[in-house]
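What follows is the residue order along each chain.
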Protein chains: 4
Amino acid sequence: MAANTFGEVFRVTTFGESHGKGIGLIIDGCPAGLDVDLDFIQSELDRRKPGQSKIVTQRHEEESFMVQSGIWEGKSTGTPIGIFIPNSDQRSKDYEHIARVYRPSHADFTYQTKYGIRDYAGGGRSSARETAARVAAGAIAKLILKTIGVSIHAFVSQVGHIKVDLSQPVNYSNIETNIVRCPDELIATQMINFIMDIKKAGDTIGGMVTCIIDGCPAGLGAPVFDKLHADIGKAMLSINAVKGFEFGSGFDCVRMRGSEHNDAIIINVNGNIITKTNHSGGIQGGISNGMPINFNVAFKPVATIIQGQQTVDMDGEATIAEGKGRHDPCVVPRAVPIVEAMAALVLADHFKKQNNQDVKVFAYL
Amino acid sequence: MAANTFGEVFRVTTFGESHGKGIGLIIDGCPAGLDVDLDFIQSELDRRKPGQSKIVTQRHEEESFMVQSGIWEGKSTGTPIGIFIPNSDQRSKDYEHIARVYRPSHADFTYQTKYGIRDYAGGGRSSARETAARVAAGAIAKLILKTIGVSIHAFVSQVGHIKVDLSQPVNYSNIETNIVRCPDELIATQMINFIMDIKKAGDTIGGMVTCIIDGCPAGLGAPVFDKLHADIGKAMLSINAVKGFEFGSGFDCVRMRGSEHNDAIIINVNGNIITKTNHSGGIQGGISNGMPINFNVAFKPVATIIQGQQTVDMDGEATIAEGKGRHDPCVVPRAVPIVEAMAALVLADHFKKQNNQDVKVFAYL
Amino acid sequence: MAANTFGEVFRVTTFGESHGKGIGLIIDGCPAGLDVDLDFIQSELDRRKPGQSKIVTQRHEEESFMVQSGIWEGKSTGTPIGIFIPNSDQRSKDYEHIARVYRPSHADFTYQTKYGIRDYAGGGRSSARETAARVAAGAIAKLILKTIGVSIHAFVSQVGHIKVDLSQPVNYSNIETNIVRCPDELIATQMINFIMDIKKAGDTIGGMVTCIIDGCPAGLGAPVFDKLHADIGKAMLSINAVKGFEFGSGFDCVRMRGSEHNDAIIINVNGNIITKTNHSGGIQGGISNGMPINFNVAFKPVATIIQGQQTVDMDGEATIAEGKGRHDPCVVPRAVPIVEAMAALVLADHFKKQNNQDVKVFAYL
Amino acid sequence: MAANTFGEVFRVTTFGESHGKGIGLIIDGCPAGLDVDLDFIQSELDRRKPGQSKIVTQRHEEESFMVQSGIWEGKSTGTPIGIFIPNSDQRSKDYEHIARVYRPSHADFTYQTKYGIRDYAGGGRSSARETAARVAAGAIAKLILKTIGVSIHAFVSQVGHIKVDLSQPVNYSNIETNIVRCPDELIATQMINFIMDIKKAGDTIGGMVTCIIDGCPAGLGAPVFDKLHADIGKAMLSINAVKGFEFGSGFDCVRMRGSEHNDAIIINVNGNIITKTNHSGGIQGGISNGMPINFNVAFKPVATIIQGQQTVDMDGEATIAEGKGRHDPCVVPRAVPIVEAMAALVLADHFKKQNNQDVKVFAYL
C-alpha cells in the first residue's frame, strides 16, 4: 500500500535494511533538465552519517552512493533516478544477543506482530539507517527548490532542559560550526557537555529540532486534507523517534486569544503583502502565504541504553534486555539534515502539484 | 492530486462549499455486509453541528443527510457510499462585506493566490463546514472498528489556561454530560464560564483536545513513511485551526532520559504482553503495540473576532476587517467529534491494509 | 482501492446504482478558471440517454444533472466539482424476476461472489447507467482540451457484418445526422435496418466504435507503464460490453513487416515534423507524436435478449432466465459519447501531468 | 506521477536505462512469509534474455540479478524487495550513429519532445530491456499465485500469416520445447523458418501472443473502472510494440448475436457453477467467474530494420536512418514471458485487493 513511498508528483520509494547489502531509493517525478550536483548529495549524506563527532554514535558507516539511472551528462532525464547506498558494516552478529528479546521502546515486538517474521539484524526497516535514503532524495528536492529561491534551515533548539531562545533571530551561518548544530554558540557548548555526561552515564536524552523555510512562494498546499502543514507534519512524524510536531504558534496557541493570535496583514516596503506577526507559521488554511514557514519537532531519547531493562522474549518469558552496541546518546544533531530533507520532499511535491492548478497555463506547449 | 481524498483502502473523497447547495462525500472501500446504523451517523453529526449550546456559534445548520448509494437493506454493498448533506442556511450576503478584504489569519489571501479565484461566501473549502462530511464518514469507520472492539474517545483537555490533569484516569462517561465535552466536571464548569467571558469580549480562545483509542490490536501501521502516528498526525493537522500534534510522551520527551522514557515490557495477568508505562502512546516504530493510543491536538483561537483588525484588500489597499457573523468563541467543544472521526478514518484504513500482509491468509476463499 | 476513481491529476470518482436515488461524481483536479458550459454537459448527456431513437432501449431516463459544488459564477474554482444525476425511473420491480437467477453473460454471479451480497435491481454498479457519470465528467474534460485545440470524434464503424471503409477519410459532420452515429450515410441506413431486424427477433448484435483524436500535441504519455495508449486502452476496456481495443495498425500489424509498418518521418509544408503513414496511431513509445490518435473498440452484443436461456439460480438449481425489460438491441450508437468521454478523461489527465515535466517552467509563479 | 509504478497493493516500481549501470525494481506490498525461489526468478529471466536462439537478437546480455532487500533466510519479510539487474553490455557507441536522428516508429522524436532531453543510448526507458524488471517482479507474483492454484501460460499463436488454430485445446507442455514458443510443433517449424527468412531480408515481422490463465478463483476484479480485463489490457498495452488487446470472443464479438455470444450457465460434475461456452473469457462485468481467462495480444514488427529509411534529424533536416545493431526479427518469442509476468502482476494485485472486501474477515487477528 505504498507504505514505502512518499509524495505524489515528486515521489520517492525506498528499500533496504540496516544490515543487508544496502539501502536505496527511486525518485519518480523529478523533472528533466535539472542540474544534479552529486557533491551536494554527498555533503548532505555526510551531515547525517554516523561517527562524525564525539556526541554521536561511534559506528562508522561509509555513506558513499551510486547513481544507477535517471541522470545523463549531469542532468536529470525525467526518468526514475535510482540511487543505491551500500552498507559498509554488516555485522549482524552484533545483534544476535537481541534476536529473541523484545527491546523496550524499540519496534521489535510490533514488527514481529505485524509481519510474523523479523529480520532482527539492525531492526530491519525500523532502523534509522533508512533515513540516509531520505537525505539523498531530499538533496535532489533541495536542488529543485533552489531554482525558485526556497531555502531550508533546521537546527537543534533544545536538548533535555537546555534550550535556545526562539524569540531571537537565528544566525543560520552558525549552525554547522558546532557539532550539535545549534546556532547559539553558548547554548551549543552547554548542549555538547550535557550530551557527553549523558553518554558517560550509559543513558540517552531527548531533544528538539526547529526548522525555518524561507522564500516559499504563496499558494502552495491545499485547503482540505493535504494542507501544507499536514503533509509537513506527517513527514516529520515519519522520522524515527519523533513524538510531536507544531508549527507557527504551536501548542502555545492553546492559551492565546484570537485578538492576540491573529496576524495583521500589511504592505511592506517592497509593496508585498506580508503579516505583522507570524503566529500562522507561514501557512493559512493549509496554503503558504509567503511568510517564513517554521516548525518544531520533538525527538524522544534513543531507546538503546547501556543498562539492563525489564522485558520479555519471544516465548513470553520475562528477561533482561542488555544494552550493547554503538548508539547515539542524543539523536537531534544527526536529525537536522533528515528534518530538512523531509521538508524539502514535501515542498518539491507541492510545488510541482501547483503547476497543475491553472487552466490558462500550458507549461510545456 | 487527490487533495480532497483521505485514505487508501478505506478511502473518503469530499466535496462542497460552506454556502453552496451542500457538502458531500464518497466512501470507496467500505467492505460489503456492514450493518450501517443511520441513527448513529446522525448522532455523530449532531455532536458537531452548530447551535447546540451557548458556547458555540449560534448559527443554525440542520445536519440532515441523505444516503445516495452503497447501502441496500441496511447493509453496505461493497460499492461506493455516497452521502449528501444539504446546506440549510445559504446566506451568502452575510459575507459580502468581506468579499474584497483579506481577513487576518483566515485563508482568504492564500486561497486567492492559489486559485486566482475566490468563492468568498463562507470561505469555500476552507470553511469548517467541510468537517461535517468527515464526521459522517468517520461514523461509518467507527462501525467497522466496533466489530473488532476498537473504541475512540476524545475530549476537551484544555481551554486557554484551564486544563485537565491528564495524569489521572479519564471517566469517558462524563464527556458528553457537559457542553464543553470535558470529563472533569469541575474543570468543565470553569471552561464554560471562561468561554462565556471570552465571547462577551468579542474575542476567541484556543484549546486542546485529547484522544484515547482503546482496543486497537497490535500490528497496525508501517515502519517507514506510513507510521500509524504519522497518519494520525496528518489527519489531525488537516483539521481546521490545528497548530500542533503530539502522542504518548509528546513534547515532554524532549527533557526525558532514555532510562526514564523507555516502557518496560511485562506479561499481565491475562498472559498478554503489555508495557508498564506508556510513553510510547501505544505505537512503537510506527506500529501499534496493543496499548491505548493517546494523543493531544492543539487548536488555535478562531480567527473571526468581533473587533476591527488591520489588513489589506484585493487592491492592496490598507483597510480594516470588521468582525461580524455568528462564530464559535472556542472551537474545541465541536472539534471533539471531528478528532474522533479522523482517528477512525486512519484506523479503519490501516486495519484493512493489514489484511494484505499475510501471504498465508486468503480471506475471501 | 480507488476502484471507482479514474485518473490521477484530473481525477474522477463516481458512485450510484442504476435503480437507487441517482448516480454522481466528483471531479478533483479540475484547474480553476475554466468556463464551464452547462448546456454542453447536458448535450453530451443527451447523446447517451436512453429512448433517443427507435434503435436504442425505449426506457426513458431523464438525464438532468445538478452541480453541487466547484463552480462559481460560471467558472471552475479549483475545488472538487460535485455532480448528481437523479434517477427518474426507479422501477426495481422490473427486476424482481431475476433477483435469484444468474443471467447468462451478465455480472450477476460474479458480483454475488465478490461481495457476498447483491443489489439486484438494475445490476448495481454493473449497470451501464453508471456511464452517464463518465459522460458528464468527460464533457468537462473536453472543455479543458478545447482550450488547447484537441478535438475527439467517435463513430460507429461496424454493426454485425456491416462496416465502414476505414481507409477513407471520415466526414465528422455526418456522424450526428443519423441515429446510428455512422459517418457514411449509406452504411448508416443498412446498419439501422439491420438493428431493427435484430430487435424484432428479440436478439442483440455486436458492433465497433472508432475514435479519432485530432490536435493532440506531441509529448503526452509516458514511456513505461503509463503509456498513453495503455491508459486509453484501459479506459475503453472499462466500458461495459467492450471485448477488444486496438490503435493505429491494431491487430493488422501481426501480418505486417517492419519495412511496411514503419512510419517514415517527413517535414510538412508548415515545417512541422509529421509521419507519412500513421500505423503508429499517433503514439510512439507510449508518447503522442502530434499525428491523429485513432483506435477501435469492440462491443459485444448486449447480454439481455428476449429469449429463454439455460442458467442456474442462487441455490445452484438449473433454471431458465427469461428475457424481459427494455434494452438496447445494439449498444454502439449510445456508446459513441462514452468512448469520447473516456478518451477525454485520459487526455486531460495526461495533459495536466505533462505540466510537471519541465524543471524550468514554474507555471504559477 | 507514478508513471514507473504498476499495481496498488502488490506494487512494482522500476528504474534504469538500457545502457546505463543496469535496471532495477522495488516490490512494495509482497506479503511476509512467502518462500522466494531465486532459481525460479532466474529461469524466468532466462526465458526473456537476448541471444537465447537463432531467431532472436544475437546481442548477449547476462541477466543475473541481485536481491538487495526484503528477503531473509529465503522468505519475504513484508518489506520492500529490491532487485538489481546489472547491464553487462553497455556499448553506447553502438548508438552514436543515431544520436541526432529520429528513427522511424521508434520513440526518439516523442521522447525528445516530452523531456527536452534524450539519453539516446539504447532508447533510455523506451528500450525493451526495461521488461527484464517486469519479468523478475512477475516471477514473484507467480509464486504468490501458485499458493492459490493459479497458473499462467502464454504462447506464440501467430507470426505474420502463420497461425495456430485457437479453437483446438492447447498442450502447454509443448510451448517451451521449441524456440518460437508455439505449442503446435508443425506450425512452430513454419514460424521459425519464416522468421529466419525475414531476418535474412533485413526485415522484421509482427506476431501474436495468446495467454490462458487457469485456476483463477471467481470474484477478482471490480465492476467499474478497475475491471479485471481493463487492468490486464493496460498491462499488455504497456509492453513495447503492442498494438492491440482482446479477451474472450474479442473482436469477433462485433459480428455475433447475443443468442450466440451468451455463455449458458450450468453445474458441472463437481457441482461447481461453470459456463458452457467461454465467450466471456473468464470475466463477466469486470469480475472473474472462475472459468479460464484468455486473451490475445498483437505485437507490431520491430521498428529497427537493416534498411535505410526516410526521416529527419534533430535540426529538422531530411536524412536517412541507417539500420544497424543486433535486433530481434520478431519480438513474440521473447514476449511470451513478459506477457505472463504482466498478467501475474495484475492478478496478484487484484488477489490482495480482494482480501479487503469482506467486513467479517479479519485476516490477521
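Residues numbered from 1 in each chain as written. Chains lettered and ligands numbered in written order. Predicted model: local features only at pLDDT ≥ 70, side-chain atom pairs only at ≥ 80, totals over all residues. Heavy atoms only, no water.

Asks: Help me out: how do you make sense of the relation of the copies chain D and chain C in this one?
Replies: There are two copies of the chain, and a rotation about an axis plus a shift along that axis relates them. Note on the identical chains: chain D maps onto chain C by a rotation of 180 degrees and an axial translation of 0.0 Å, with an RMSD of 0.0 Å. The transformation relating the two chain copies, once decomposed into turn and shift, fits a two-fold axis. Interface overlap between copies is the fraction of interface residues in one copy that are interface residues in the other; for chain D against chain C it reaches 100%, indicating a shared surface. (Least-squares fit on C-alpha atoms with pLDDT ≥ 70 in both. Contact = heavy atoms within 4.5 Å.)

Asks: Help me understand the confidence of the model for chain A in this model?
Replies: The predicted coordinates of low-pLDDT regions are not to be read in fine detail. Residues and elements named next belong to chain A. In this model, chain A carries an average pLDDT of 91, and 93% of its residues clear a pLDDT of 70 or more. Counted against residues more than four places away or in other chains, residues 359–365, with its pLDDT under 50, gives 22 contacts. The complex model carries a pTM of 0.96, and its ipTM stands at 0.96. (pLDDT = per-residue confidence, 0-100.)

Asks: What is the right way to look at the environment of A:Asp252 in this model?
Replies: All names here are of chain A. Among the structural elements, Asp252 can be located in the loop between strand E11 (242–247) and helix H6 (258–261). Of the residues examined, Asp252 reaches a relative accessible area of 58% and is grouped as exposed. A C-alpha to C-alpha distance of 38 Å links Asp252 and Ser18, two positions 234 residues apart in sequence. (Helix = DSSP H or I, 4+ residues; strand = E, 2+ residues; numbered from the N terminus. Buried < 20%, exposed > 50% of the residue type's maximum accessible area, 1.4 Å probe, protein only.)

Asks: Is there a simple way to explain the sheet that holds strand E8 (residues 151–159) of chain C in this structure?
Replies: Two strands in a sheet stick together by hydrogen bonds in their backbones, pointing the same way (parallel) or opposite ways (antiparallel). Read across the open sheet, the ten strands follow the order E9(C)-E8(C)-E10(C)-E16(C)-E11(C)-E11(D)-E16(D)-E10(D)-E8(D)-E9(D); overall the sheet is antiparallel. Because the sheet does not close on itself, it has two edges, and the strands there are strand E9 (162–163) of chain C together with strand E9 (162–163) of chain D. Relative to strand E16 (residues 293–299) of chain C, strand E11 (residues 242–247) of chain C runs antiparallel, the two sharing five bridges. Looking across to E16(C), one finds that C:Gly244 is bridged to C:Ala298. Running at roughly 55 degrees to E8(C), helix H4 (residues 185–200) of chain C makes contact with E8 and E9 of chain C of the sheet. Contacting strand E8 (151–159) and E9 of chain D, helix H4 (residues 185–200) of chain D crosses the sheet at an angle of about 55 degrees to E8(D). (Pairing = 2+ DSSP bridges. Axes fitted to C-alpha atoms, helices over the stretch in contact; angles between N-to-C directions.)

Asks: Which parts of the structure should I look at to understand the packing of helix H1 (residues 38–48) of chain C against helix H3 (residues 131–146) of chain C?
Replies: In a pair of packed helices, the angle between the axes and the distance between the axes together describe the arrangement. Residue and element names in this part refer to chain C. Packing of H1 against H3 brings their axes to within 9 Å, and their N-to-C directions diverge by 140 degrees. In this view, H1 runs oblique relative to H3, as classed from their interaxial angle. For the pair H1 and H3, the crossing hand works out as right-handed. Facing Phe40, Ile41, Glu44, Leu45, Arg47 and Arg48 of H1, the residues of H3 in contact are Thr131, Ala132, Val135, Ala136, Ala139, Ile140, Lys142 and Leu143. Across the contact of H1 with H3, the residue classes tally to nine nonpolar, one polar and four charged. (Parallel < 35°, antiparallel > 145°, perpendicular 65-115°, else oblique. Left-handed = near helix turned anticlockwise from the far one by under 90°. Nonpolar A, V, L, I, M, F, W, Y, C, P; charged D, E, K, R; others polar.)

Asks: I'm lost on the environment of B:Gln42 in this one. Help?
Replies: Residue and element names in this part refer to chain B. With respect to the secondary-structure elements, Gln42 resides in helix H1 (residues 38–48). Taking the C-alpha atoms as reference points, Gln42 and Glu63, 21 residues apart in sequence, are found 7.7 Å from one another. Excluding residues that lie within four positions of it along the chain, Gln42 makes contacts with Glu63, Ser64 and Phe65.

Asks: Help me understand the packing of aromatic side chains, please; the structure alone is not making it clear to me.
Replies: Two aromatic rings are characterised by how far apart their centres lie and by the angle between their planes. One pass over the structure, following the stated rule, counts 26 aromatic pairs over all chains. Note on A:Phe245 and A:Phe247: the rings are 6.4 Å apart at their centroids and 20 degrees apart in plane angle, and the pair reads as stacked. Classification of A:Phe247 as buried rests on a relative accessible area of 2%. Measuring from ring centre to ring centre gives 5.4 Å for D:Tyr102 and D:Phe109, while their planes differ by 70 degrees; the resulting arrangement is edge-to-face. Taken individually, D:Tyr102 and D:Phe109 each receive the classification buried, so the pair is uniform in this respect. By way of ring pairs, the aromatic residues A:Phe245, A:Phe247 and A:Phe295 are connected into one cluster. Lying across the ring of D:Tyr115, D:Lys114 places its NZ or CZ 5.8 Å from the centre. Lying over the aromatic face of C:Phe247, D:Lys243 brings its terminal NZ or CZ to 4.0 Å of the ring centre. (Phe/Tyr/Trp six-rings, centres within 6.5 Å; stacked < 30°, edge-to-face > 60°. Lys NZ or Arg CZ within 6 Å of the ring centre and 35° of its normal.)

Asks: What should I look at first to understand unusual backbone geometry in this one?
Replies: Residues apart from glycine generally show negative phi values, whereas peptide bonds are mostly found in trans. Positive phi values are uncommon outside glycine, yet A:Arg181 reaches one of about 60 degrees. One can find A:Arg181 in the loop between strand E9 (162–163) and helix H4 (185–200).

Asks: Whenever I open this one, the pattern of salt bridges confuses me. Can you help?
Replies: Opposite charge on two side chains allows them to pair when their charged atoms are near. Counting across every chain of the model gives 69 salt bridges over all chains. In this structure, B:Arg47 engages B:Glu340 in a salt bridge whose closest nitrogen and oxygen atoms are separated by 2.9 Å. Remark: B:Glu340 occurs in helix H7 (residues 332–354) and B:Arg47 occurs in helix H1; sequence separation between them is 293 residues. Across the pair D:Lys353 and D:Glu8 runs a salt bridge, and its minimum N-O distance is 2.7 Å. Of the two residues, D:Lys353 sits in helix H7 (residues 332–354) while D:Glu8 sits in the loop between strand E1 (5–6) and strand E2 (11–16), which places them 345 residues apart along the sequence. (Salt bridge = Lys/Arg side-chain N within 4 Å of Asp/Glu carboxyl O.)

Asks: Could you clarify how one ought to interpret the sheet that holds strand E3 (residues 22–28) of chain D in this entry?
Replies: All names here are of chain D. The strand order E1-E2-E3-E7-E4 describes an open sheet built from five strands, whose pairing is antiparallel. Since the sheet does not close on itself, it has two edges, and those belong to E1 and strand E4 (66–69), each with one partner. Taken together, the six bridges between E2 and E3 define a ladder with antiparallel strand orientation. Following the sheet pairing, Arg11 is matched in E3 by Asp28.

Asks: What exactly am I supposed to notice about the pairing of strand E10 (residues 207–214) of chain A here?
Replies: Two faces make up the sheet, and in a regular strand the side chains alternate between them. All names here are of chain A. Of all eight residues that make up E10, seven are buried, and the element is covered over most of its length. In terms of strand pairing, E10 meets strand E16 (residues 293–299) through seven bridges, oriented antiparallel. The residue of E16 that forms the bridge with Gly207 is Phe299.

Asks: Explain the state of the cysteines here, please?
Replies: Should the sulfur atoms of two cysteines be covalently bonded, the bond is a disulfide. Taken as a whole and judged by the stated rule, the model has zero disulfides over all chains. Not engaged in a disulfide, the cysteine A:Cys330 finds its nearest cysteine sulfur in B:Cys253; these two sulfurs lie 10 Å apart. A relative accessible area of 1% means that A:Cys330 is categorised as buried. Here C:Cys216 stays free of any disulfide, with the sulfur of C:Cys211 as its closest cysteine sulfur at 12 Å. Taking the relative accessible area as the measure of exposure, C:Cys216 reaches 3% and is therefore buried. (Disulfide = S-S within 2.5 Å.)

Asks: What am I meant to see in the interface of chain D and chain C here?
Replies: How big an interface is tends to be stated in terms of the accessible area lost upon association of its parts. Taken together, the contact pairs 110 residues of chain D with 110 residues of chain C. It is D:Lys114, D:Phe225 and D:Lys243 that lose the most area in chain D upon contact with chain C, and together they represent 11% of the buried surface on that side. Inspection of the chain D/chain C interface yields four salt bridges. Where C:Asp226 meets D:Lys234, a salt bridge forms, and the shortest distance between an N and an O atom there is 2.7 Å. Pairing between E11(C) and strand E11 (residues 242–247) of chain D: three bridges, direction antiparallel. Across the sheet, C:Phe245 pairs through a bridge with D:Phe245, a residue of E11(D). (Buried area = accessible area lost by both parts, 1.4 Å probe.)

Asks: Whenever I open this one, the environment of B:Phe6 confuses me. Can you help?
Replies: Counting through the fold element by element, B:Phe6 comes out in strand E1 (residues 5–6). Overall, the relative accessible area of 9% leaves B:Phe6 in the buried class. Residues B:Phe6 and B:Val346 lie 340 residues apart in sequence; the distance between their C-alpha atoms is 8.6 Å. When neighbours within four sequence positions are excluded, B:Phe6 is seen to be in contact with A:Phe225, B:Arg11, B:Val12, B:Asp231, B:Ala235, B:Met342, B:Leu345 and B:Val346.

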